[in-house]
Amino acid sequence: MQTPGPRLNPPRRGRISGSASNAPCPRAASKGSAMKKFKLKKTFVGASMVMTLLMASSAAYAVCDTCVTGAISAATTTLVTAITSAATAAAQSINSVITMTIKGAEAALATSVSRSAELQADAVNRVVHSNERAKQEGRYQYTDPCSVPAAAQGMTEVMGTTILSSASLGYGGSRGGGSLVGSMKRVVDESTGKAPARDPGNTALSAAKGACETFASSSGNAMRASICQTAGFSPSNTSGYADGDVRAETLVYGPQKTGQAMRIRRTLDPDGKDLDVVNSYLRNLSSPLQMRDLNKGELASDEGKKYMALKDIYDARMSMATHPMRRNIGMMTASTSSIPMLNQLIQSQQGNFVKAYLNREAPSWASKGISEDELMNLEVTRRYMNMDWQTRMAGASPEEVAREQLQLTAVQNVILLGLQREMRENGLLLGTMAASQTRAELVPQLMQQHRAAAR
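Residues numbered from 1 in each chain as written. Predicted model: local features only at pLDDT ≥ 70, side-chain atom pairs only at ≥ 80, totals over all residues. Heavy atoms only, no water.

Draft legend 1. Quick look at the overall build of the protein chain. Secondary structure summary: the protein chain contains 16 helices and 0 strands in total. Considering the protein chain as a whole, with its 455 residues, one finds that 29% of them fall into the buried category. By element, 61% of the accessible surface of the protein chain is carried by carbon and sulfur atoms, the whole surface being about 28,700 Å². (Helix = DSSP H or I, 4+ residues; strand = E, 2+ residues; numbered from the N terminus. Buried < 20%, exposed > 50% of the residue type's maximum accessible area, 1.4 Å probe, protein only. Areas by Shrake-Rupley, 256 points an atom, 1.4 Å probe, with all protein chains shown as cover.)

In structure tokens form, the structure reads like this:
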């Protein structure tokens, strides 16, 4: 936009020397008229105002359209540059803030994700560890923890009771249920050494009378009852075990109660009638007729003393001969030492089976226990003859099967130990028999030769 007024002649082109000051542009030569000077001065003032308004800081340009345009352009450029610089700086600041914010958010997010991943990894590790531990514990735990150590709760004591029961039967024995009375009690006491033996004739009469009164029953052995009546005795079965004094089942399967089906009885009552029946049968086997015991005067003589020596030899041999019988009954005699073991077995996985077995085979087990023979049978029965055990073993792991097999092997070792003991005892019995036969053959010859040498 130009200031109104007379046009000025174009100035000479060139640069103004000096510093950036308010020195006026060079003027062309004038003819010196006053009007022109006035107009020129007026025009110069207008141009100066325009330049001031346009914020032209440099006096390097001439006062002309081109100069004004250049100044405006330069100012505009400066202003645009300043605005651009400010905008750029602002944008950079904003971008920096945004970048820092994003980076902070990314770092926070990364930290959160990392922590979450750590927690998840830790949780997974705990689960894996717990599962693996449970798996390993399952591999090495007992299939039935209650039944495994049960045998340690009294098996040794039960075996000790078997030995005591064996020694308490037969001659010199002290066991008996106390159910025998009258003549039968007298002859059994004589056979076990609890009472002095009478004359064989008297002992025989008492034995016949006592057997008819104790073991004869018309509902059992009718022929025996008839014979007792014919002999003038009153047949009666006060023991409840008809013919128990003459039947092999008394020793092999245990005394059989009258009127009941025959069954294997592995546990005998040590305080009831069972042992009385056994002692009655052992008497008939080992010493049915005993010689009268010598009185004091007879024992004081030389012949009486010789009799005592021979009687000791006889008793020793008869004790060895009857030992297998007595030991068999000892293994069938109940022992209270078995109760702790039974209580532990009832708490095992096979508890229902064990309890049903005991109630059926030995109803008094809770107070009197069971025998060694019954314990061995229970160890076998609660496995092979137990359907629950068969089912559990079918679904067991290889480790469980291996541990159960180890337990079975241990039980077999106990049974083998018992068999070894039985074999030794049988060997002793065979040795005694061999010695008796040797003496019977060679002692007469030795005595003859001894007399010949002593002449």
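From this point, things continue past the structure.
Draft legend 2. Quick peek at the side chain of Asn-237. Assignment of secondary structure puts Asn-237 in the loop between helix 6 (222-230) and helix 7 (249-252). Setting aside anything within four residues of it in sequence, one finds Asn-237 in contact with Glu-213, Thr-214, Phe-215, Ala-216, Ser-217, Ala-242 and Thr-258. (Contact = heavy atoms within 4.5 Å.)

Draft legend 3. Up close: the confidence of the model for the protein chain. Chain-level statistics for the protein chain give a pLDDT mean of 77 and a share of 75% at 70 or above. This stretch, residues 1-48, has a pLDDT under 50; its non-local contacts, to residues over four places away or in other chains, come to 23 contacts. Here residues 53-63 scores under 50 on pLDDT; set against residues more than four positions off or in separate chains, the count is 14 contacts. (pLDDT = per-residue confidence, 0-100.)

Draft legend 4. Here's a closer look at helix 8 (residues 274-286). For helix 8, built from 13 residues, the straight-helix expectation of 18 Å at 1.5 Å per residue is met to within 8% by its first-to-last C-alpha distance of 18 Å. Residues of helix 8 that are buried include every one of Asp-274, Leu-275, Asp-276, Val-277, Val-278, Asn-279, Ser-280, Tyr-281, Leu-282, Arg-283 and Ser-286, and no others. Contact partners of the buried residues in helix 8: helix 4 (182-192), helix 5 (200-214), helix 7 and helix 10 (302-331). (Expected span 1.5 Å × (residues − 1).)

Draft legend 5. Spatial organisation of the packing of helix 12 (residues 351-361) against helix 14 (residues 372-384). Between helix 12 and helix 14, whose axes approach to 11 Å, the crossing angle comes to 140 degrees. Taken together, the axes of helix 12 and helix 14 lie oblique to each other. Judged by the twist between their axes, the crossing of helix 12 over helix 14 is right-handed. Across from Phe-353, Val-354, Tyr-357 and Glu-361 in helix 12, the residues of helix 14 making contact are Glu-374, Asn-377, Leu-378, Thr-381 and Arg-382. Partitioning the contact of helix 12 with helix 14 into residue classes produces 4 nonpolar, 2 polar and 3 charged. (Axes fitted to C-alpha atoms, helices over the stretch in contact; angles between N-to-C directions. Parallel < 35°, antiparallel > 145°, perpendicular 65-115°, else oblique. Left-handed = near helix turned anticlockwise from the far one by under 90°. Nonpolar A, V, L, I, M, F, W, Y, C, P; charged D, E, K, R; others polar.)

Draft legend 6. Structural context of the pattern of salt bridges. Taken as a whole, this structure holds 21 salt bridges when the rule is applied. Of the charged contacts, one joins Lys-185 and Asp-189 as a salt bridge, the two residues approaching to 2.9 Å between their closest N and O atoms. Placement of both Lys-185 and Asp-189 in helix 4 is noted, with a separation of 4 residues, approximately one turn of the helix. The partly exposed category is assigned to Lys-185, whose relative accessible area is 38%. Exposure remark for Asp-189: the relative accessible area of 15% places this residue in the buried category. A salt bridge links Arg-327 to Glu-425, with the nearest nitrogen and oxygen atoms 3.4 Å apart. (Salt bridge = Lys/Arg side-chain N within 4 Å of Asp/Glu carboxyl O.)

Draft legend 7. Fine view of a nonpolar patch on the surface. On the surface, Val-380, Tyr-384, Met-385, Ile-415, Leu-416 and Leu-419 cluster together to form a nonpolar patch covering roughly 620 Å² of accessible area. Within the residue set of the nonpolar patch, elements represented by two or more residues are helix 14 and helix 16 (398-454). It is helix 16 that provides the largest number of residues to the nonpolar patch, a total of 3 residues. (Patch = residues over 30% accessible without salt bridge, like charges linked within 9 Å, V, L, I, M, F, W, Y side chains within 5 Å.)

Draft legend 8. Structural view of the state of the cysteines. In this structure the tally under the stated criterion is 1 disulfide. Residue pairing for Cys-212: its cysteine sulfur links by disulfide to Cys-228, the two sulfurs lying 2.0 Å apart. Disulfide Cys-212-Cys-228: torsion about the S-S bond near -80 degrees, hence left-handed. With Cys-212 in helix 5 and Cys-228 in helix 6, the pair connects residues that are 16 residues apart, well separated along the chain. Exposure class is identical for Cys-212 and Cys-228. Each is buried. (Disulfide = S-S within 2.5 Å.)

Draft legend 9. Main features of the side chain of Thr-322. Position of Thr-322 relative to the elements: it lies in helix 10. Within the local environment of Thr-322, its side chain forms a polar contact with the backbone oxygen of Ser-319, the two atoms lying 3.3 Å apart. (Polar contact = N/O pair within 3.5 Å; in protein donor to acceptor, adjacent residues only side chain to side chain.)

Draft legend 10. A look at the nonpolar core. Within the largest apolar cluster, 12 residues are counted, these being Val-158, Met-341, Leu-342, Leu-345, Val-354, Tyr-357, Leu-358, Ala-362, Trp-365, Ile-370, Leu-375 and Leu-378. Breaking this core down by element, the ones donating at least two residues are helix 11 (339-346), helix 12 and helix 14. Excluding its chain neighbours within four sequence positions, the residues that come into contact with Leu-358 are Leu-342, Pro-363, Trp-365 and Ile-370. (Core = buried A, V, L, I, M, F, W, Y, C linked by side-chain atoms within 4.5 Å.)

Draft legend 11. Summary view of the packing of helix 8 against helix 10. At their nearest, the axes of helix 8 and helix 10 sit 11 Å apart, and the two run at 140 degrees to each other. Considering the angle they form, helix 8 stands oblique to helix 10. Viewed along their axes, helix 8 and helix 10 form a crossing whose handedness is right-handed. Contacts between helix 8 and helix 10 involve Leu-275, Val-278, Leu-282, Leu-285 and Ser-286 from the first element and Tyr-314, Met-318, Thr-322, Met-325, Arg-326 and Ile-329 from the second. Broken down by class, the residue content of the contact of helix 8 with helix 10 amounts to 8 nonpolar, 2 polar and 1 charged.

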